[in-house]
Amino acid sequence: MKSLTAYLILILSFSSFAQIKESITYGFRHLVINYQSDIVDVLIKSKEGEENIKKPLFLFCQGSLPQPLLKLDKETVFSVFPFNTDNLLKEYHLIIISKPYIPLVVDIKQLGNNYTYIDSEGKTPKEYNDRNLLSYYTERNLFVLKQLQKLDWVSNKQLIVAGHSEGSTVAANMASQSKMITHLIYSSGNPMGRMLSIIQQDRAQEKDSENMRFAEKDFKYWEAIAADKDNKDATEGDSFKTTYEFSIPSMDYLNKLKIPVLVCYGTKDWSAPYNDLLRVDCIRKNKTNFQFNAYIGTDHNFFPLKEDHTPNYAIYNWDKVAEDWVKWLREL
């Protein structure tokens, strides 16, 4: 992950719906919004010197895992976005919203595997687990966008929502529920739901052996989830309720969208066959508002695969993917 030098910028004053912390923001405006009983951290990245220029919003919905938005390593902070933001900032204010009850800023030495936040007991906070749901993220994010659109420097002519991996499902669900959103970018999602990605991944590891029928365990797991879909116990990972909600096929509501939709995916991703299915279905239905960008030979995060099927991290394609987003938006 790329990093950038931390620096302090002026913190703006906003209307009463938000409270602003007097803290170092590392190149971002930091907005604190009250949603129901929760405190929501929002980071806003604008082109330097154009913070008050009226531009549309571009919301990026990150993938899974309880990671803080700002991960510190001595005097630098890891890049919040996985892509170069320069071209997007020419036309948009970029927005990203924190995970619930995960601190905004954490030193990487205090994080667990995959830079995930754990509390003093070595666990993911219960408050996060209880809210780590498609329904919660959708409602919370739409609330935040409604508040942001009241600000003087926000243009309401467009509202772009992009999501990657789990975030693609959040973004798609948001677009299906709100007329505010004018464009959707659906990146590395599975239109048929999370459970089928789990099954597809295990199918690839199976061999002709009774001891390696991994997908059979997945089906039993899914049976347990379906029988107890409101269970929020997350002691062994995502709760049944979380997995159930993210396993509802987004294809059902993607197909109903009339706004422009860009679908991006690596052809070696576990979800690739289901994105191909969505594409075939869109062609059959003559849906001209969809465009598909398939990145040949790349994985979930657009890394090409080596001969041994492991990612080649030396080739970083995220910047190209984001440039393709800009090109698509400009050509509409």
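Residues numbered from 1 in each chain as written. Predicted model: local features only at pLDDT ≥ 70, side-chain atom pairs only at ≥ 80, totals over all residues. Heavy atoms only, no water.

### Re the pattern of salt bridges
And then number 1: Summed over the entire model, instances satisfying the criterion amount to 15 salt bridges.
And then number 2: Here Lys99 makes a salt bridge to Glu166, at a shortest N to O gap of 3.5 Å. Taken together, the residues span a long stretch of sequence, with Lys99 in the loop between strand S8 (93-97) and strand S9 (105-107) and Glu166 in helix H4 (residues 166-177) at a distance of 67 residues. Each member of the pair, Lys99 as well as Glu166, is classed as buried.
And then number 3: By sharing partners, the salt bridges in this structure join Lys99, Glu166, Arg194 and Asp238 into a single network. (Salt bridge = Lys/Arg side-chain N within 4 Å of Asp/Glu carboxyl O. Helix = DSSP H or I, 4+ residues; strand = E, 2+ residues; numbered from the N terminus. Buried < 20%, exposed > 50% of the residue type's maximum accessible area, 1.4 Å probe, protein only.)

### Let's talk about empty space enclosed by the protein
And then number 1: As enumerated under the stated definition, the model contains one cavity of 30 Å³ or more in all.
And then number 2: What the largest cavity holds in volume is close to 110 Å³.
And then number 3: Gln62, Lys99, Tyr137, Arg140 and Asn141 are, among the 13 residues lining the largest cavity, the residues nearest its centre.
And then number 4: Those elements that provide at least two residues to the lining of the largest cavity are strand S5 (55-61), helix H3 (134-148) and H4. (1 Å grid on protein atoms, 1.4 Å probe; cavity = no way out; pocket = protein on both sides within 12 Å on 5 of 7 lines; lining within 4 Å. Points joined across faces, edges and corners; volume = space filled by probe spheres on them.)

### Thoughts on the packing of helix H6 (residues 214-227) against helix H7 (residues 240-247)
And then number 1: Running from amino to carboxyl end, H6 crosses H7 at an angle of 100°, the nearest separation of the two axes being 9 Å. Viewed along their axes, H6 and H7 adopt a mutual orientation that is roughly perpendicular. Contact residues: H6 offers Tyr221, Trp222, Ala224, Ile225 and Ala226, while H7 offers Phe240, Thr243, Tyr244 and Ser247.
And then number 2: A class-by-class count of the residues in the contact of H6 with H7 yields seven nonpolar, two polar and no charged. (Axes fitted to C-alpha atoms, helices over the stretch in contact; angles between N-to-C directions. Parallel < 35°, antiparallel > 145°, perpendicular 65-115°, else oblique. Contact = heavy atoms within 4.5 Å. Nonpolar A, V, L, I, M, F, W, Y, C, P; charged D, E, K, R; others polar.)

### Quick look at the confidence of the model for the protein chain
And then number 1: For the protein chain, the mean per-residue pLDDT works out to 91, and 93% of the residues sit at or above 70.
And then number 2: In the model, residues 1-24 has pLDDT below 50 throughout and makes 58 contacts with residues more than four positions away in sequence or in other chains. (pLDDT = per-residue confidence, 0-100.)

### Points about the side chain of Thr298
And then number 1: Within the fold, Thr298 resides in the loop between strand S13 (290-295) and helix H10 (318-331).
And then number 2: Residues within four places of Thr298 in sequence aside, it is in contact with Gly266, Thr267, Lys268, Asp269, Phe303, Pro304 and Asn317.

### Some words on the packing of H3 against H4
And then number 1: Two elements in contact, H3 and H4, have axes whose closest approach is 9 Å; the angle formed by their N-to-C orientations is 60°. With respect to H4, the axis of H3 lies oblique. Both H3 and H4 take part in a crossing whose hand is right-handed. For the pair H3 and H4, contact is made by Leu134, Tyr137, Thr138, Asn141, Leu142 and Leu145 and by Glu166, Thr169, Val170, Asn173, Met174 and Gln177, respectively.
And then number 2: Grouping the constituent residues of the contact of H3 with H4 by class yields six nonpolar, five polar and one charged. (Left-handed = near helix turned anticlockwise from the far one by under 90°.)

### Considering the side chain of Ser155
And then number 1: Considering the arrangement of structural elements, one finds Ser155 in strand S10 (residues 154-164).
And then number 2: A residue is classified by how much of its surface remains accessible, and Ser155, at 10% relative accessible area, is buried.
And then number 3: Separated by 3.3 Å, the side chain of Ser155 and the backbone nitrogen of Lys157 make a polar contact.
And then number 4: Beyond its immediate chain neighbours, meaning those up to four positions away, Ser155 contacts Lys54, Lys55, Pro56 and Leu57. (Polar contact = N/O pair within 3.5 Å; in protein donor to acceptor, adjacent residues only side chain to side chain.)

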